[in-house]
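# Structure assessment
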Amino acid sequence: MQVGKVTLDTIAAQLGITKVSVSKALNNQPGVSEELKRRIVQSARELGYIKKGNVKPAAAVSKLGLIVPKRFFLESDNFYTKIYYYTNQECAKKDISLSLYVLDPEQEKSASLPLSLVQDQSDLDGLFVAGEVEADYMKMLLDCPFPVVVIDFYKAGMTLDCILADNYQAGYTVTNYLIQNGHTRIGFVGNPQFTTSVMDRYCGYIKALTYHQLEINPSWRIVNNDINNSYVMDFQLPAELPTAFVCHCDMAAYKLLLKLQKEGISVPDEVSLISFDNTDLSQSVTPALTSMNISKHDFATEAVHRMLWRIKHDSAHSKTTYLQSKLIERDSVKRM
């Protein structure tokens, strides 16, 4: 019988191989033959390092991790920074340490873990993934020997616990709000292919316009961020502007606001703006942005709650939890 906590070193010693080889095999990374990978996984299961149906008391949880792509975490509107802050607070209340791992683009592309996570993984009891990562990366994370809870995105067919905002309903709500304020010519700012959140918000926008039999004009759709989530100012405004834009986040709205002001177009007198996330940025700009509040604190509390449940019920079916949103009215929407 194995005595004490099983680590990567334990598995490596039993097989007479290196800890690095064990880590690569358990994380489905290149550099290990299929036969050796099979032996490593088998030994990990026999030693109890990987054990389906494992029941672990929440009180025994001592360390969790949170991984987030660099392109999301370093945004100046601090959406994911706040989620990490509140998640860390919730963990601290339960005497659980939370380690942060920022994923750079090359690591995501090669489906490899940050070095600090590789070094920590034998001590981790669970991992949060915040901000949408590539599908291949999520497949790799499924092989990690601990529970994974996803924050603020989902992938089709992904069998993991997800904590999500109801972005489809939120997209409908903000667009309907503009319609109720007399707007009938409404554009959208954002690339629906960028993340599932943007896609759901866009689909909610389309539903509202379709329901009210309003025009869906492709020339009124603007994209002002790139694949690395860097926001730009060199985008073109439509030759004929709508009276309002639904912007996929506060930063997108802010960049459009600057562009409109540079062109001498008044917000909200000539063009109204409405956005999502209710970050600090939405309150600090002039005019202050009407924005859909998606509680970063709720994301954190629900994610920690679900993680502790998942650790105790490893073999149970996955669950998606939807958070409610609330529209915060400020100064960027004019009644027509």
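My aim in this report is to walk through the structure given alongside it, one point at a time. (Residues numbered from 1 in each chain as written. Predicted model: local features only at pLDDT ≥ 70, side-chain atom pairs only at ≥ 80, totals over all residues. Heavy atoms only, no water.)

Turning to the overall build of the chain, a few remarks are in order. From N to C terminus, the chain includes 13 helices and twelve strands. Expressed as lengths along the three principal axes of its C-alpha atoms, the size of the chain is roughly 75 × 35 × 35 Å. Out of the 336 residues in the chain, the part that is buried amounts to 55%. Carbon and sulfur atoms provide 49% of the accessible area of the chain, an area that totals close to 15400 Å². Across the chain, the mean location of the 35 positive side-chain charges is 4 Å away from that of the 37 negative side-chain charges. (Helix = DSSP H or I, 4+ residues; strand = E, 2+ residues; numbered from the N terminus. Buried < 20%, exposed > 50% of the residue type's maximum accessible area, 1.4 Å probe, protein only. Areas by Shrake-Rupley, 256 points an atom, 1.4 Å probe, with all protein chains shown as cover. Lys, Arg positive; Asp, Glu negative; His and termini not counted. Charge placed at Lys NZ, Arg CZ, Asp CG, Glu CD.)

This part is about the pairing of strand β4 (residues 148-151). Residues of β4 alternate between two faces, with V148 and V150 on one and V149 and I151 on the opposite face, all of them buried. Here strand β3 (residues 126-130) runs beside β4; their pairing, made up of four bridges, is parallel. Across the sheet, A130 pairs through a bridge with I151, a residue of β4. The parallel pair β3 and β4, bridged by helix α8 (residues 135-141), forms a crossover whose chirality is right-handed. Sheet topology places β4 next to strand β5 (residues 161-165); three bridges connect them, and they run parallel. Bridge pairing in β5 places I151 opposite I163. (Pairing = 2+ DSSP bridges. Right-handed = clockwise from strand over helix to strand, strands pointing away.)

Right, let's get into the sheet that holds strand β8 (residues 244-247). Spatially, six strands are ordered β7-β6-β8-β9-β10-β12 in an open sheet, and the strand pairing comes out mixed. Strand pairing shows two members of the sheet lacking a second neighbour, β7 (221-222) and β12 (326-328), which therefore form its edges. Relative to β8, strand β6 (residues 186-189) runs parallel, the two sharing four bridges. Across the sheet, I186 pairs through a bridge with A244, a residue of β8. The strands touched by helix α9 (residues 167-180) within the sheet are β6, β8, β9 (272-277), β10 (290-293) and β12, with β9 carrying the most contacts at an inclination of about 160°. (Contact = heavy atoms within 4.5 Å. Axes fitted to C-alpha atoms, helices over the stretch in contact; angles between N-to-C directions.)

To continue, consider the nonpolar core. With 49 residues, the main nonpolar core has L64, Y80, F128, V246, I274 and F299 as its most contacted residues. Residue contacts for F128: discarding those within four places in its chain leaves L64, G65, L66, I67, T87, L98, V149, I151, A303, V304 and M307. Listed in part, the 24 residues of the second largest apolar core include L103, F153, C162 and L164. (Core = buried A, V, L, I, M, F, W, Y, C linked by side-chain atoms within 4.5 Å.)

Residues lying three or four places apart along an α-helix face the same way, a consequence of the helix completing one turn every 3.6 residues. Taking 1.5 Å of rise per residue, 16 residues should cover 22 Å, and helix α10 (residues 196-211) covers 22 Å from first to last C-alpha, within 8% of that figure. Those residues of α10 lying buried are T196, S197, V198, D200, R201, Y202, G204, Y205, A208 and L209. Elements that come into contact with the buried residues of α10 comprise α9, β6, β7, β8 and β9. Directly after α10, the chain includes Q213, whose backbone phi takes a positive value near 55°. (Expected span 1.5 Å × (residues − 1).)

Inspection of the entire model under this criterion finds nine salt bridges. A salt bridge links K63 to D120; the shortest N-O distance between them is 3.5 Å. A residue pair is termed long-range when its members are at least 10 positions apart, and K63 in strand β1 (residues 63-69) and D120 in helix α7 (residues 115-120) qualify at 57 residues. Exposure class is identical for K63 and D120. Each is buried. Across the salt bridge formed by R71 and E108, the nearest N and O atoms sit 2.6 Å from each other. Taken as a pair, R71 in helix α4 (residues 70-73) and E108 in helix α6 (residues 105-110) lie far apart in primary sequence, 37 residues in all. On the basis of relative accessibility, which here comes to 6%, the residue E108 falls in the buried class. Beyond isolated ion pairs, a larger network of salt bridges with shared partners links D161, R306 and R310. (Salt bridge = Lys/Arg side-chain N within 4 Å of Asp/Glu carboxyl O.)

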